[in-house]
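# A look at the structure
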Amino acid sequence: MNHAITATDAEALRQRNRELSILNVIAESLNREIDLTRALDTTLSRVVDLFGLHTGWIWLLNAQTGEFYLAAVLNLPPALSEKPRRMEGWCHCRESYEDGEMSGAANINIIQCTRLKGLVKGTDGLRAHASVPLYAHGKPLGILNVVSGDWRELSAAELRLLYTVGDLLSIAVERARLFAQRTQIGALEERNRLAREIHDTLAQSISGIALQLESADALLEAGADRAKVAAIIGHTLELTRASLEDARRSVMDLRAAPLDGQTLHTALAALITAQTAGTSLVPHIELDRDPPPLPPNIEIGLYRIAQEAIANVVRHAHASHLAVELITTTDQISLTIEDDGRGFDPATIAADRFGLIGISERARLLGGSAESSSTLGKGTRLHVAIPLRRKL
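Residues numbered from 1 in each chain as written. Predicted model: local features only at pLDDT ≥ 70, side-chain atom pairs only at ≥ 80, totals over all residues. Heavy atoms only, no water.

## Comments concerning the overall build of the protein
- Broken down by element type, the protein carries nine helices and 10 strands.
- Looking at the 392 residues of the protein, the share that counts as buried comes to 39%.
- For the protein, the share of sequence-separated contacts (at least 6 apart) that also reach a separation of at least 24 residues comes to 68%.
- Total accessible area computed for the protein in this model is approximately 21,800 Å², and 54% of it derives from carbon and sulfur atoms. (Helix = DSSP H or I, 4+ residues; strand = E, 2+ residues; numbered from the N terminus. Buried < 20%, exposed > 50% of the residue type's maximum accessible area, 1.4 Å probe, protein only. Contact = heavy atoms within 4.5 Å. Areas by Shrake-Rupley, 256 points an atom, 1.4 Å probe, with all protein chains shown as cover.)

Shown next as structure tokens:
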């Protein structure tokens, strides 16, 4: 019986070992990540490196809204990276996925791809990409897209291996989301605990105030010097004001977010409608069609910034038109508010008159920036950019 290994057998064995090595590297990398953003970035970088590819991006379904959003990208060509709105809206892949027609990994050429169709310049040669459906226990999660750097379509063996990688990624996505949910529950419990502590602290402050007032009352009955009584009352007033300020600040910090139960996009649209109602302002709103889920502090911060900026336009600008634009990429979210009002000269008008100091402080607290420009008689433009990626 001949047990000699043929060249074909040896090649098949090498291919199998390579596939197992790739899966092992990706699995080990994902096992170390519990943050969703980092898990997605890790998968893209590993897949592109190990498969000898160039570009990739990942669509995920928003667990709350059921809508797709662009969750991660790597090395997008200029035609797509410089015009992020090209990556919004429906496409062939997403339609196929929603219709249940994407049962496995498949190549999508430039004719089929809605985003590449008609593009010539700025594509870096990108003419086809592979699409990998992501599922967890039969539940749809999203789509992994990867692109070869040499224009080729991926082989059947590569597509099968990518489908297995998609399974690993799906598990990591589910785990990261479960961890985030547990963290949110923990944050709510911590907020309740802090509220109880503040209540106890406030009760102690009130007890101290009551003691001071009782002392003053006793001194008055004893006919004590009025100056001594006045000093105690003065101290009591200071304690009262300090306690009241602490209580207000704590309640402001711990109260429910102003957009609880709404997405930032829904809340912004409602805000603009409410603030411009009854005015001559004509609002133009341009918001993302595929908004990703955002950290609560960023949603609240941007909402407050928009609230202040739009109120400034209504009160001071004497404008006819108001434009609000919100654009989200995988790296940052930017809010632009522009009017055609009377404008102002930044060199002669104090910034705090228009609430710009508070807006800038909010943006800085979120790790971002706020830039304003204005010309007399030509309106004002505010641009706020907040990063969404944590630096490693």
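Continuing now.
## Quick notes on the pattern of salt bridges
- This structure, assessed with the given rule, holds two salt bridges.
- In this structure, Glu 174 engages Lys 139 in a salt bridge whose closest nitrogen and oxygen atoms are separated by 3.1 Å. With Glu 174 in helix α5 (residues 156-221) and Lys 139 in strand β5 (residues 139-148), this pair connects stretches of sequence that are 35 residues apart.
- On the basis of relative accessibility, which here comes to 40%, the residue Lys 139 falls in the partly exposed class.
- As a salt-bridge pair, Arg 381 and Glu 338 come within 3.9 Å of each other at their nearest N and O atoms. Residue Arg 381 is located in strand β10 (residues 379-387), and its partner Glu 338 is located in strand β8 (residues 332-339); the two are separated by 43 residues in the primary sequence.
- What makes Arg 381 partly exposed here is its relative accessible area of 34%. (Salt bridge = Lys/Arg side-chain N within 4 Å of Asp/Glu carboxyl O.)

## Some points on the layout of surface pockets
- Its boundaries defined by the atoms lining it, the second largest pocket holds a volume of some 260 Å³.
- Along the walls of the second largest pocket sit 17 residues, with Leu 70, Pro 84, Thr 328, Thr 329 and Thr 330 positioned nearest its centre.
- Elements supplying a minimum of two residues to the lining of the second largest pocket: β2 (68-74) and α3 (78-81).
- Considering only residue class, the lining of the second largest pocket consists of nine nonpolar, four polar and four charged. (1 Å grid on protein atoms, 1.4 Å probe; cavity = no way out; pocket = protein on both sides within 12 Å on 5 of 7 lines; lining within 4 Å. Points joined across faces, edges and corners; volume = space filled by probe spheres on them. Nonpolar A, V, L, I, M, F, W, Y, C, P; charged D, E, K, R; others polar.)

## Thoughts on the nonpolar core
- Core analysis: the biggest nonpolar cluster contains 34 residues, and Leu 40, Val 47, Phe 51, Ile 58, Leu 60, Val 146 and Leu 162 have the highest contact counts within it.
- Where this core is concerned, the elements lending two or more residues are α1 (7-31), α2 (36-50), β1 (53-61), β2, β4 (128-136), β5 and α5.
- Among all residues touching Val 146, those that are not within four sequence positions of it are Val 47, Leu 53, Thr 55, Gly 56, His 129, Ala 130, Leu 154 and Leu 162.
- In this structure, Ala 267, Ala 309, Ala 317 and Leu 366 belong to the second largest nonpolar core, which totals 31 residues. (Core = buried A, V, L, I, M, F, W, Y, C linked by side-chain atoms within 4.5 Å.)

## Some thoughts on the packing of α1 against α2
- Where α1 contacts α2, the two axes come as close as 9 Å, and the packing angle between them is 160°. Between α1 and α2, the interaxial angle falls into the category roughly antiparallel. Our pair here, α1 against α2, has a crossing hand that is right-handed. Packed against α1, whose contacting residues are Arg 18, Ile 22, Val 25, Ile 26, Ser 29 and Leu 30, the element α2 presents Ala 39, Thr 42, Thr 43, Arg 46, Val 47 and Leu 50 at the interface.
- Of the residues assigned to the contact of α1 with α2, the class counts are seven nonpolar, three polar and two charged. (Axes fitted to C-alpha atoms, helices over the stretch in contact; angles between N-to-C directions. Parallel < 35°, antiparallel > 145°, perpendicular 65-115°, else oblique. Left-handed = near helix turned anticlockwise from the far one by under 90°.)

## Section: α2
- Its 15 residues give α2 an end-to-end C-alpha distance of 21 Å, which sits within 8% of 21 Å, the value for a rise of 1.5 Å per residue.
- The first or second residue beyond α2 is Gly 52, which carries a positive phi of 70°. (Expected span 1.5 Å × (residues − 1).)

## Some words on the sheet that holds strand β9 (residues 369-375)
- The strand order across the open sheet built from five strands is β6-β7-β8-β10-β9, with neighbouring strands paired in mixed fashion. The sheet terminates laterally at β6 (282-286) and β9, the two strands that pair on one side only. Ignoring which end each strand starts from, the neighbouring axes of this sheet average 10° apart.
- As paired strands, β8 and β10 are joined by eight bridges and run antiparallel to one another. In the sheet register, Glu 338 faces β10, and the bridge partner there is Arg 381.
- Sitting on the sheet, helix α7 (residues 264-276) touches β6, β7 (321-328) and β8, and the angle it makes with β7 is about 175°.
- The strands that helix α9 (residues 356-365) touches are β9 and β10; relative to β9, the one it contacts most, it runs at about 150°. (Pairing = 2+ DSSP bridges.)

## Regarding the packing of helix α8 (residues 296-317) against α9
- Direction vectors running N to C along α8 and α9 enclose 165°, while the axes themselves pass 10 Å from each other. The pairing of α8 with α9 is recorded here as roughly antiparallel in orientation. Considering the relative orientation of α8 and α9, their crossing is left-handed. In this structure, α8 contributes Gly 301, Arg 304, Ile 305, Glu 308 and Ala 309 to the contact, and α9 contributes Ile 359, Arg 362 and Ala 363.

## Concerning the side chain of Ser 170
- Note on placement: Ser 170 falls in helix α5.
- Sequence-distant contacts of Ser 170, defined by excluding residues within four places in its chain, comprise Leu 134, Tyr 135, Ala 136 and Leu 141.

## A word on the confidence of the model for the protein
- In the predicted model, the protein carries a mean pLDDT of 79, and the fraction of residues at 70 or more is 80%.
- Mean pLDDT across the secondary structure elements of the protein bottoms out at strand β3 (residues 106-109), with 68, and peaks at β8, with 95. (pLDDT = per-residue confidence, 0-100.)

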